[in-house]
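A closer look at the structure
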Amino acid sequence: MTHWVRVFDDPSRDAWQRPAYVVGLLALSPSDTVADLGTGTGYFVPHLSKAVPKGQVLAVDVEEKLLEHVRQRAHKAGLGNVRTVLAKTDDATLPGGVSVVLLVNTYHHIGKRIAYFRAVGERLGQTGRVVIVDFKLGKFPVGPPDSHKLAPEKVEQELTAAGFGRCKRDDTLPYQYALVFSRACR
Ligand SMILES: C[S@@+](CC[C@H](N)C(=O)[O-])C[C@H]1O[C@@H](n2cnc3c(N)ncnc32)[C@H](O)[C@@H]1O
């Protein structure tokens, strides 16, 4: 766990990850339920928690050890609106009522993505949004090699096949692109 905390929660990450900017892209309302799919150590959880004071953050991952870490982190920080969800590798197992699903540096970890996100779309309904933030192609001081990355055009092609439309593309972050999808944007 200490390894992942060192990697995902490195204090220098804030400068390029700009979590407040990313959370702004989600356009959350205070009572929304937002899922952090592939939450890892919960880097985004405190930021999301603050954005939905009357709603809920679902910290979702396939690794129970990471979820235990997130529960402890939320408890220590006094974040009462955080719940963890143990997902299956081929099913996000989201409950109903989720408005936004955020995936940061996680999309490429998921297999059979078209079927996976078709099911996510059915769960989210017409107005729900999926926001994907992932590394741009190219050589940067952070992030995986290009062989592990997906071009934003490929992500868009897959999400379109899964029934979504792209509402927005944002290239403001130095090393990552952000894509906002919804069935309402088809
Ligand atoms: C690179 S980490 C990103 C963590 C976090 N989003 C962040 O930005 O710090 C990817 C995370 O996705 C999780 N993951 C991998 N496959 C997954 C799947 N099919 N469903 C949900 N989470 C998954 C991993 O366990 C890991 O915690």
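Residues numbered from 1 in each chain as written. Predicted model: local features only at pLDDT ≥ 70, side-chain atom pairs only at ≥ 80, totals over all residues.

1. Topic: the environment of valine 100
Rules: Secondary structure elements follow DSSP: runs of H or I of four or more residues count as helices, runs of E of two or more count as strands, with numbering from the N terminus. A pair of residues counts as a contact when their C-beta atoms, built from backbone coordinates, are within 7 Å of each other.
Looking at the secondary structure, you find valine 100 in strand β4 (residues 100–104). For the pair valine 100 and glycine 128, spaced 28 residues apart in sequence, the C-alpha separation works out to 5.7 Å. Look past the residues within four positions of valine 100 in its chain and what remains in contact with it is Leu26, Leu28, Asp32, Val34, Gly128, Arg129 and Val131.

2. Some details on the nonpolar core
The following threshold applies: The term nonpolar core refers to a set of buried Ala, Val, Leu, Ile, Met, Phe, Trp, Tyr and Cys residues connected through C-beta atoms within 7 Å. Each residue is classed by its C-beta neighbour count within 10 Å, where at least 20 other C-beta atoms makes it buried, 12 or fewer makes it exposed, and intermediate counts make it partly exposed; the C-beta atoms are placed from backbone geometry.
In this structure, Val34, Ala35, Val101, Leu102, Val130 and Val131 are the most contacted members of the largest nonpolar core, which totals 47 residues. For this core, the leading source of residues is β4, giving five residues. Discounting residues that sit within four places of it in the chain, leucine 102 has contacts with Leu26, Val34, Ala35, Asp36, Leu37, Phe44 and Val131.

3. Regarding the pairing of strand β2 (residues 56–61)
What counts is decided by this rule: We treat two strands as partners when DSSP finds at least two bridges between them. Place the viewer so that the strands point away; then a crossover is right-handed whenever the path from the first strand over the helix to the second strand goes clockwise.
Here β2 lies mainly inside the structure; five of its six residues are buried. Summarising the sheet, strand β1 (residues 33–37) and β2 pair through five bridges and their orientation is parallel. Its bridge partner lying in β2, leucine 37 is registered against valine 60. In terms of strand pairing, β2 meets strand β3 (residues 82–86) through five bridges, oriented parallel. In the sheet register, leucine 58 faces β3, and the bridge partner there is arginine 83. The β-α-β motif built from β2, the intervening helix α5 (residues 64–76) and the parallel element β3 has right-handed crossover chirality.

4. Here we look at the site of the ligand
To keep it simple, the criterion reads: Defining nearness, a residue is near a molecule or strand when the C-beta atom obtained from its backbone falls within 6 Å of it. Put simply, Ala, Val, Leu, Ile, Met, Phe, Trp, Tyr, Cys and Pro go in the nonpolar bin, Asp, Glu, Lys and Arg in the charged bin, and everything else, Gly too, in the polar bin.
Surveying the vicinity of the ligand reveals 18 residues, the closest of which are Gly38, Gly40, Tyr43, Val104 and His109. Its residues assigned to classes, the shell around the ligand shows nine nonpolar, seven polar and two charged.

5. A word on the sheet that holds β4
Rules: Working convention: axes come from line fits to C-alpha atoms, limited for helices to the stretch in contact. Angles between N-to-C directions cover 0 to 180 degrees.
Pairing is mixed in the open sheet, where seven strands are placed in the order β3-β2-β1-β4-β5-β7-β6. Looking at which strands have only one partner, the edges of the open sheet turn out to be β3 and β6 (165–170). Going across the sheet, the axis of each strand differs from the next one's by a mean of 20°, ignoring polarity. In the packing of helix α7 (residues 152–161) onto the sheet, the strands contacted are β5 (129–135), β6 and β7 (176–182), and the crossing angle to β7 comes to about 15°.

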